[in-house]
Amino acid sequence: MTEVKIVNTSGLDLPQYSTEHSAGMDVRAAIDMPVTIMPGERKLIPTGLRVQLPDGYELQMRPRSGLALKRGVTLLNSPGTIDADFRGEIGVIIINHSDEPFIIERGDRIAQMVLARYERICWYATDSLDESERGDGGFGHSGVK
């Protein structure tokens with residue numbers, strides 16, 4: 001386990017894993033009054049959380065699959081990245097892709113966060129790349145079946 005400092009001004013429980021093998025922790029809406037997101041609308045929802053991540057780590061904010069499937073609600077910039085040097089309040093950008101208004105209440109689980117290790121790139125400029133089996137095949141290059 002990786003230890004991460006967290007400041008919680010939400011008055012809600014800290015994010016937690018739902019099961020022993022969950023990769024993501026549920027994040028809750030730290031709002032005082034219900035927020036309605038109309039069809040096609042997007043809003044930034046506060047979490048009341050600020051973190052201090054170790055170097056080489058990020059937090060990824062991801063949609064909750066149940067909200068996406070059942071309600072047509074997802075995160076606009078998924079995954080959203082919380083960098084190790086960011087110390088502000090974490091916000092979640094939610095968009096309503098459904099045909100009905102979506103109401104968020106205080107404490108609702110609105111997203112999940114995953115701690116991820118990353119590596120930084122050191123570019124090596126060149127005029128050519130090694131050949132590969134795929135080559136420059138792009139979208140749809142392998143067919144449907």
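Predicted model, so just to flag it, every value in this text is computed and none were measured. (Residues numbered from 1 in each chain as written. Predicted model: local features only at pLDDT ≥ 70, side-chain atom pairs only at ≥ 80, totals over all residues. Heavy atoms only, no water.)

Asks: Where do I start with the sheet that holds strand β12 (residues 109-117) in this structure?
Replies: Two strands in a sheet stick together by hydrogen bonds in their backbones, pointing the same way (parallel) or opposite ways (antiparallel). One open sheet holds the five strands; their spatial order is β2-β3-β12-β7-β9, and the pairing between them is antiparallel. The sheet is open, and its two edges are formed by β2 (16-17) and β9 (80-82), each paired on a single side. Where β2 meets strand β3 (residues 25-28), two bridges bridge the pair, whose relative direction is antiparallel. Along β3, the bridge assignment pairs Q16 with D26. (Pairing = 2+ DSSP bridges. Helix = DSSP H or I, 4+ residues; strand = E, 2+ residues; numbered from the N terminus.)

Asks: Teacher, can you tell me more about the nonpolar core here?
Replies: Side chains of a nonpolar character, in soluble globular proteins, are inclined to be buried together. Counting 25 residues, the largest nonpolar core has I45, M61, I94, I104, I110 and M113 as the members making the most contacts within it. Secondary structure elements with two or more residues in this core: β3, β4 (35-37), β6 (49-52), β7 (57-62), β8 (73-75), β10 (91-96), β11 (102-104) and β12. For this core, the element with the most residues is β12, which contributes three residues. Not counting residues up to four positions away in its chain, the partners in contact with M113 are P15, A23, G24, M25, V27, L49, L59, Q60, M61 and I90. (Core = buried A, V, L, I, M, F, W, Y, C linked by side-chain atoms within 4.5 Å. Buried < 20%, exposed > 50% of the residue type's maximum accessible area, 1.4 Å probe, protein only. Contact = heavy atoms within 4.5 Å.)

Asks: What am I meant to see in the pattern of salt bridges here?
Replies: Note on pairing: side chains with opposite charge can pair once their charged atoms come close. Tallied over the entire structure, the rule returns two salt bridges. Among the salt bridges present, the one from D26 reaches R64, with a minimum N-O distance of 3.5 Å. Linking D26 in strand β3 with R64 in the loop between β7 and α1 (65-71), this pair joins segments that are 38 residues apart in sequence. With relative accessibility at 13%, the residue D26 sits in the buried group. The residue R109 makes a salt bridge to D26 at a minimum N-O spacing of 3.0 Å. One end of the pair, R109, is in strand β12; the other, D26, is in strand β3, and 83 residues separate them in sequence. Connected through salt bridges with shared partners, the residues D26, R64 and R109 form a single ionic network. (Salt bridge = Lys/Arg side-chain N within 4 Å of Asp/Glu carboxyl O.)

Asks: In this structure, what is going on with empty space enclosed by the protein? I would like to understand it.
Replies: Space left empty within the atom packing is revealed by a probe, the size of a water molecule, rolled over the atoms. Inspection of the entire model under this criterion finds one cavity of 30 Å³ or more. Taken as a whole, the largest cavity spans an internal volume of roughly 70 Å³. If you trace the largest cavity, you find it lined by N8, S10, L12, D13, L14, P15, Q16, D26, V27, R28, T47 and L49. For the lining of the largest cavity, the leading source of residues is β3, giving three residues. Across the lining of the largest cavity, the residue classes tally to five nonpolar, four polar and three charged. (1 Å grid on protein atoms, 1.4 Å probe; cavity = no way out; pocket = protein on both sides within 12 Å on 5 of 7 lines; lining within 4 Å. Points joined across faces, edges and corners; volume = space filled by probe spheres on them. Nonpolar A, V, L, I, M, F, W, Y, C, P; charged D, E, K, R; others polar.)

Asks: How should I be thinking about the environment of E131 in this particular structure?
Replies: Positionally, E131 belongs in the segment after β12. For the pair E131 and I45, spaced 86 residues apart in sequence, the C-alpha separation works out to 46 Å.

Asks: How should the layout of surface pockets be read in this particular structure?
Replies: Taken as a whole, the largest pocket holds about 390 Å³ of empty space. No other element matches β12, which puts three residues into the lining of the largest pocket. Counted by class, the lining of the largest pocket contains 13 nonpolar, one polar and one charged residues. The wall of the second largest pocket is formed by L44, M61, L75, N77, G80, T81, I82, G91, V92 and I93. Of all the secondary-structure elements, those providing two or more residues to the lining of the second largest pocket are β9 and β10.

So far we have only geometry, and geometry alone does not tell us how the molecule works.
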